[in-house]
Amino acid sequence: MEGTNPVNKKLAAALSGGAVLVLALSGCSSDDSSEKLNSWAQQVCDAVQPQAEKIEAANTAIQKQTSDNSTPEDVQSTDSKAFQDMSDAYDAIGAAVQKAGAPDVEDGETKQKNAVKELNDISTAYAGLRKQVDALDTKDQAKFADGLKGVATELDKLSKSGNDALKTLEGGDVGRAMAQQESCKSASAPATATSS
């Protein structure tokens, strides 16, 4: 039974890198931003909070599978559901940023457009990982472990790339406005736990 676990640990490590991406949706300082920007930030933060919790739960589910002596079937179904949940969450966050419109800052429209595209791309990537996991052969332990290694590699790439537009969106005044929202403060809290 040992075959899957080390690989699934690698998967969990890669995943925790990706999950913090959206949980970092809050800045630090608290300068007064314009009312317009504050209302934009509140709309986005309120929408992000439940999705951040969903991502966190998916992350925890995969982490949990690594500590048990799980069967390939268990690992497959847990990972598959977790990737689907993450795909849905990023999709919902993209929709929320789209719906909120452009933030009231310089180049707000471009920043918003880029962030939405990025969130949608991340959502699509997680959906792709789900397909990859679903296609793994659980009857053959060695093959399954190899397949899982491939998923972990993809996940690692995903967690390292693709949050530049989000960082840009959250820079400056937008980040400051978001930092003041209660829902963003609570959404970003778990990030410290998973990013170590």
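Now for the packing of helix α4 (residues 108-134) against helix α5 (residues 141-160). Helix packing geometry: the angle between the two helix axes and the distance between the axes. Where α4 meets α5, the closest approach of the two axes is 10 Å, and the angle between their N-to-C directions is 175 degrees. One way to sum up the angle between α4 and α5 is to call them roughly antiparallel. Contacts between α4 and α5 involve I122, A125, Y126, L129, Q132 and V133 from the first element and G150, V151, E154, L155 and L158 from the second. For the contact of α4 with α5, the per-class residue count stands at eight nonpolar, two polar and one charged.

Given a rise of 1.5 Å per residue, 20 residues ought to cover 28 Å, and the 29 Å separating the end C-alpha atoms of α5 matches this to within 8%. Buried within α5 we find F144, A145, G147, L148, V151, A152, L155, L158 and S159. Axial view of α5: buried residues confined to an arc of 160 degrees, hence all on one face. Turned more than 90 degrees away from the buried face of α5, the exposed residues are A142, K143, D146 and K160. At the N-terminal end of α5, a side-chain oxygen is found 3.1 Å from the backbone nitrogen of A142, two or three residues along, and the residue is D140.

Here we come to the nonpolar core. W40, V44, F83, V97, Y126, L129 and M178 are the most contacted members of the largest nonpolar core, which has 34 residues in total. Within the residue set of this core, elements represented by two or more residues are α2 (35-67), α3 (72-100), α4, α5, α6 (164-169) and α7 (172-179). No other element matches α2, which puts 10 residues into this core.

By the secondary structure assignment, K81 is in helix α3. Separated by 20 residues in the primary sequence, K81 and A61 place their C-alpha atoms 9.2 Å from one another. At a separation of 2.7 Å, a polar atom in the side chain of K81 contacts the side chain of D85.

Looking at the secondary structure, you find Q181 in the loop between α7 and α8 (182-188). Within the structure, Q181 has its side chain in polar contact with the backbone oxygen of A177 (distance 3.1 Å). With residues near it in sequence (within four places) discarded, Q181 still touches N38, A41, Q42 and C45.

Turning to α3, a few remarks are in order. Over its 29 residues, α3 extends 42 Å from the first C-alpha to the last, a length consistent with the 42 Å expected when each residue adds 1.5 Å. Where α3 terminates, the next one or two residues include G101, which has phi positive at roughly 80 degrees.

What follows concerns the pattern of salt bridges. According to the stated counting rule, one finds six salt bridges in the structure shown. Among the salt bridges present, the one from K81 reaches D85, with a minimum N-O distance of 2.7 Å. Taken together, the residues K81 and D85, both in helix α3 and four residues apart, mark about one turn of the helix. Exposure remark for D85: the relative accessible area of 17% places this residue in the buried category. We note a salt bridge from D146 to K149, for which the minimum N-O separation is 3.9 Å. Of this pair, D146 and K149 both sit in helix α5, three residues apart, which is roughly one turn of that helix.

Bringing the packing of α3 against α4 into the picture now. Look at α3 against α4: their axes get within 8 Å of each other, and the N-to-C directions meet at 165 degrees. Between α3 and α4, the angle is such that the two are roughly antiparallel. The two elements α3 and α4 meet at a crossing, and its hand is left-handed. Of the residues that constitute the contact of α3 with α4, the class distribution is 12 nonpolar, nine polar and four charged.

About the thresholds
- Residues numbered from 1 in each chain as written.
- Predicted model: local features only at pLDDT ≥ 70, side-chain atom pairs only at ≥ 80, totals over all residues.
- Heavy atoms only, no water.
- Axes fitted to C-alpha atoms, helices over the stretch in contact; angles between N-to-C directions.
- Helix = DSSP H or I, 4+ residues; strand = E, 2+ residues; numbered from the N terminus.
- Parallel < 35°, antiparallel > 145°, perpendicular 65-115°, else oblique.
- Contact = heavy atoms within 4.5 Å.
- Nonpolar A, V, L, I, M, F, W, Y, C, P; charged D, E, K, R; others polar.
- Expected span 1.5 Å × (residues − 1).
- Buried < 20%, exposed > 50% of the residue type's maximum accessible area, 1.4 Å probe, protein only.
- Arc of directions from axis to C-beta.
- Polar contact = N/O pair within 3.5 Å; in protein donor to acceptor, adjacent residues only side chain to side chain.
- Core = buried A, V, L, I, M, F, W, Y, C linked by side-chain atoms within 4.5 Å.
- Salt bridge = Lys/Arg side-chain N within 4 Å of Asp/Glu carboxyl O.
- Left-handed = near helix turned anticlockwise from the far one by under 90°.

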